[in-house]
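Architecture and fold: a report
Listed below, chain by chain, are the residues.
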Amino acid sequence: MLFNMASNKEKKFQPEDYEPVKVDKWETTEVKNALDDAIKKFVKEEYHYVENFSLADQKLSLCSVACGLSLFALVYDYLYPFPESKYILATCSVSYFIMMGVITLFSKYRERSIFMLAVEKDKAGLGPDNMWSFSSFLPRFTDTYTITLQFVDGKSKETRHVQRKESITKWFDEDGSLVMENFFRFFDELHFEVKEKKVL
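Residues numbered from 1 in each chain as written. Predicted model: local features only at pLDDT ≥ 70, side-chain atom pairs only at ≥ 80, totals over all residues. Heavy atoms only, no water.

1. Thoughts on the pairing of strand E3 (residues 130-137)
A large share of E3 lies buried, amounting to six of its eight residues. Strand direction decides the pairing type here: strand E2 (residues 114-120) and E3, joined by six bridges, are antiparallel. The partner of Ala 118 across the bridge, within E3, is Trp 132. Taking the residues between adjacent antiparallel strands as the criterion, E3 and strand E4 (residues 144-152) are bridged by six residues, where Phe 141 takes a positive phi near 65°. (Buried < 20%, exposed > 50% of the residue type's maximum accessible area, 1.4 Å probe, protein only. Helix = DSSP H or I, 4+ residues; strand = E, 2+ residues; numbered from the N terminus. Pairing = 2+ DSSP bridges.)

2. A short note on the nonpolar core
Core analysis: the largest hydrophobic core is formed by 34 residues, its most contacted members being Phe 134, Tyr 145 and Phe 183. At the level of elements, helix H1 (28-46), E2, E3, E4 and helix H4 (180-196) are the ones that each hand at least two residues to this core. (Core = buried A, V, L, I, M, F, W, Y, C linked by side-chain atoms within 4.5 Å.)

3. Notes on helix H2 (residues 54-79)
With 26 residues, H2 should reach 38 Å at 1.5 Å per residue; the first-to-last C-alpha distance of 37 Å fits that figure. When we look at burial in H2, the residues that qualify are Leu 55, Ala 66 and Ala 73. Where H2 is buried, its residues touch helix H3 (86-111) and E2. (Expected span 1.5 Å × (residues − 1). Contact = heavy atoms within 4.5 Å.)

4. With respect to the pattern of salt bridges
Applying the stated criterion to the full structure yields eight salt bridges. The salt bridge involving Arg 164 is made with Glu 193; its shortest N-O contact spans 2.7 Å. You can see Arg 164 sitting in strand E5 (residues 159-167) and its partner Glu 193 sitting in helix H4, a full 29 residues away along the chain. Note on Arg 164: relative accessible area 31%, which makes it partly exposed. The salt bridge partner of Glu 166 is Lys 170, with a shortest N-O separation of 3.0 Å. (Salt bridge = Lys/Arg side-chain N within 4 Å of Asp/Glu carboxyl O.)

5. So, the sheet that holds E2
With antiparallel pairing, the five strands of this open sheet are ordered in space as E1-E2-E3-E4-E5. In the strand order of this sheet, the two ends are held by strand E1 (50-52) and E5, each with one partner. With direction set aside, neighbouring strand axes in the sheet form an average angle of 25°. Against the sheet, H1 makes contact with E1, E2, E3 and E4, and its axis sits at roughly 5° relative to E2, the strand it touches most. H4 contacts E2, E3, E4 and E5 of the sheet and is inclined by roughly 155° relative to E5. (Axes fitted to C-alpha atoms, helices over the stretch in contact; angles between N-to-C directions.)

6. What to know about the packing of aromatic side chains
Tallied over the entire structure, the rule returns 22 aromatic pairs. For the ring pair Phe 42 and Phe 184, a centre distance of 5.0 Å and an interplane angle of 75° mean the geometry is edge-to-face. Here the residue Phe 42 occupies a position in helix H1, and Phe 184 occupies one in helix H4, the gap between them amounting to 142 residues. The same class applies to Phe 42 as to Phe 184, namely buried. Considering the side-chain rings of Tyr 47 and Phe 187, the 6.1 Å spacing of their centres and the 35° angle between planes classify their relative orientation as tilted. (Phe/Tyr/Trp six-rings, centres within 6.5 Å; stacked < 30°, edge-to-face > 60°.)

Next up, the structure:
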């Protein structure tokens, strides 16, 4: 079946290239993860974008600092037992909880519901690359999946995005199997819309 591909108009989408995905349709977390994972595969295998792990790396760095504080306090207390270590223990404890607050804020305001960042390499290899972010939301006890695509033009630095809400019943059959053709068609239309039609 032919789909409207923004990155490669001649390419055919082959559902058989993807492993079957079956979920419990009543488990919203499982459903959301299945859809998010499918999008990741579309982005990498159909559009050939490169996944960017900067958000995960930043969060990992913050977590490493928090763990480092705990480890330092533990080692220091071993070498200089309490009460000699009390000021270091107090300082590290306070710093650790501050870092936990920073990580929470990072997750809420920076990471948000983004599950993937991707880089669209310049075809000629000369110009700046385009950046994509993909985020989703599926509330508990509902069947409405919200997907948001954000595109940053590498040359103009213009940011565009598109958001859609759709019932998951359009992509899963009665047995809970994901119908890849249907979901890819939906996603491909969004991808084309935000990139080619320049929706703000």
